[in-house]
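Fold and contact review
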Amino acid sequence: MNIIERMKLDGKKALVTGAGQGLGKAFALALAEAGADVAIADINIENAIKVSEEIIALGRKSIPIKADIKLREDSIQMVDRVISNWGRLDIAVNNAGVSKLQDALEVTQEDWDWTFDVNLRGTFFCAQAEAKAMIPKGYGKIINIASICGYRVWPQFQSVYSVSKAGIIHLTKCLAVEWIKHGIRVNSISPGVTMTEGFVKEVLPIFTYKAPIAKAASVEDLKGALIYLASETSDFMVGQDIVIDGSYINV
Ligand SMILES: NC(=O)c1ccc[n+]([C@@H]2O[C@H](COP(=O)([O-])OP(=O)(O)OC[C@H]3O[C@@H](n4cnc5c(N)ncnc54)[C@H](O)[C@@H]3O)[C@@H](O)[C@H]2O)c1
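Reference entry: report on the structure contained in this document. (Residues numbered from 1 in each chain as written. Predicted model: local features only at pLDDT ≥ 70, side-chain atom pairs only at ≥ 80, totals over all residues. Heavy atoms only, no water.)

1. Here's the deal with the environment of Val-118
So the rule is basically this: The secondary structure listing takes helices from DSSP runs of H or I that are at least 4 residues long and strands from runs of E that are at least 2 residues long, numbered from the N terminus. Here, two residues are considered to be in contact whenever any of their heavy atoms come within 4.5 Å of each other.
Position of Val-118 among the secondary structure elements: in helix α5 (residues 109-134). As a C-alpha pair, Val-118 and Lys-70 span 48 residues in sequence and 4.6 Å in three-dimensional space. Those residues in contact with Val-118 that lie beyond four places of it in its chain are Ile-69, Lys-70, Ala-96, Gly-97, Val-98 and Thr-123.

Here it is in structure tokens:
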């Protein structure tokens, strides 16, 4: 089949967490542009509703879902909503994440728990609920969003965030190895600094100074990899992390 045809996601049912703004919103719109119906999960339901409306305007189906992914019961009800509306889940993007610049000497237990509960535990339990929904079909795509901070230490202080993202890269490999027997492909994307509503402004000059490409990414720079990982063209890719960073981590 023609390669462009194989990238199409017509009729697929997708779910994106943290899709009310930023990268998650861009990923959700990209999936809809490629033909999928997309559920928009976010802790901020007002934003989720707005993104859902944009997807419906593209001619696809969409449901907004209020979910705090640090609560396991929320990740379960989020997937249940997709199944009760559409009968199946083909593609899940675990994008919701939080970050805070903070000297390690000042990190409290609450700071640590907040970052890890959202970024790592949240990603794990979302993936678990998604995989359970995909197993009956014997096929599915789970795409976790990690970061270049999972590879390199920044001069600014963000130890807790960085370790949580390193955890996502390794978690992706662990889940991929366990779940490929069910036909579920788990992979991840590690973006470099990307201009979104929520990006930490202080990291921009350091990124643009060091990255050979000498500029930050736009959300448009990340959509192609997401559609590749969501489509059947990546079916032989299992447990990999795609770094999109203008070569920041190579120098
Ligand atoms: N922007 C960057 O430079 C960059 C670089 C590398 C990795 N990332 C990662 O990409 C992802 C998206 O980043 P972004 O810049 O678009 O962030 P953002 O802050 O603009 O958007 C994050 C979205 O997640 C939602 N969210 C936060 N906590 C949640 C929770 N507990 N449950 C459900 N939803 C929740 C927010 O409401 C928001 O809509 C994050 O995982 C981030 O770590 C971003």
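On we go.
2. Section: the pairing of strand β3 (residues 62-66)
Let me state the cut-off plainly: At least two bridges found by DSSP between two strands is the condition for calling them paired. When the strands point away from the viewer and the connection leading from the first strand across the helix to the second strand turns clockwise, the crossover is called right-handed.
One ladder, built from five bridges, connects strand β2 (residues 37-42) with β3; its direction is parallel. The residue of β3 that forms the bridge with Ile-40 is Pro-64. Read as a crossover between parallel neighbours, the route from β2 over helix α3 (residues 45-57) to β3 is right-handed.

3. Section: the nonpolar core
The nonpolar side chains of a soluble globular protein tend to be buried with one another. Stated formally: Think of a nonpolar core as a cluster: buried Ala, Val, Leu, Ile, Met, Phe, Trp, Tyr and Cys residues, connected wherever their side-chain atoms sit within 4.5 Å. When accessible area is computed with a 1.4 Å probe and restricted to protein chains, residues below 20% of their type maximum are described as buried, those above 50% as exposed, and intermediate ones as partly exposed.
Ranked by internal contacts, the top residues of the largest apolar core, which has 35 residues, are Leu-15, Met-78, Leu-89, Ile-142 and Trp-179. For this core, the secondary-structure elements that each account for two or more residues are β2, β3, α4 (72-86), α5, α6 (159-179) and β6 (184-191). The element best represented in this core is α5, accounting for nine residues. Setting aside residues no more than four positions away along its own chain, Leu-89 makes contact with Lys-13, Ala-14, Leu-15, Val-79, Val-82, Ile-83, Glu-130, Ala-133 and Met-134. Of all hydrophobic cores here, the second largest spans 33 residues; its members include Val-38, Ile-40, Val-219 and Ala-230.

4. Looking at the site of the ligand
Quick note on the threshold: To be near a molecule or strand, a residue needs just one of its heavy atoms within 4 Å of it. Whenever two N or O atoms come within 3.5 Å, that pair is a polar contact, provided that in protein one can donate a hydrogen and the other can accept it, and provided that, for residues adjacent in sequence, both atoms are side-chain atoms. Only the protein chains shown count as cover for residues, and the accessible areas themselves come from Shrake-Rupley with a 1.4 Å probe. Each residue is assigned to one of three groups, with Ala, Val, Leu, Ile, Met, Phe, Trp, Tyr, Cys and Pro labelled nonpolar, Asp, Glu, Lys and Arg labelled charged, and all others, Gly among them, labelled polar.
Lining the immediate surroundings of the ligand are 28 residues, of which Asp-42, Asn-95, Tyr-161, Thr-194 and Thr-196 lie closest. Note that an oxygen atom of the ligand is positioned 2.8 Å from one of the side-chain N or O atoms of Lys-165. Measuring from an oxygen atom of the ligand, one finds a side-chain N or O atom of Thr-196 at 2.5 Å. Its free accessible area being 830 Å², the ligand has 89% of it covered by the protein chains. Elements with a minimum of two residues in the shell around the ligand: α2 (22-33) and α6. Split into classes, the residues belonging to the shell around the ligand amount to 13 nonpolar, 11 polar and four charged.

5. Here's the deal with the packing of aromatic side chains
Going by this rule: In this scheme Phe, Tyr and Trp rings, the latter by its six-membered ring, pair at centre separations within 6.5 Å, and the angle between planes marks the pair as stacked below 30 degrees, edge-to-face above 60, and tilted otherwise. The rule for a charge over a ring is simple: NZ of Lys or CZ of Arg within 6 Å of the ring centre, and within 35 degrees of the ring normal.
All chains considered together, the criterion is met by four aromatic pairs. Taking the centre distance of 5.0 Å and the plane angle of 85 degrees together, the rings of Phe-124 and Phe-125 count as edge-to-face. Among the residues examined, Phe-124 registers a relative accessible area of 29% and is labelled partly exposed. With centroids separated by 5.1 Å and ring planes inclined at 15 degrees, the aromatic side chains of Phe-207 and Tyr-248 adopt a geometry described as stacked. Taken as a pair, Phe-207 in helix α7 (residues 204-210) and Tyr-248 in the segment after β7 (241-244) lie far apart in primary sequence, 41 residues in all. With relative accessibility at 3%, the residue Tyr-248 sits in the buried group. Above the plane of the ring of Trp-86 lies Lys-13, whose end atom (NZ or CZ) is 5.6 Å from the centre.

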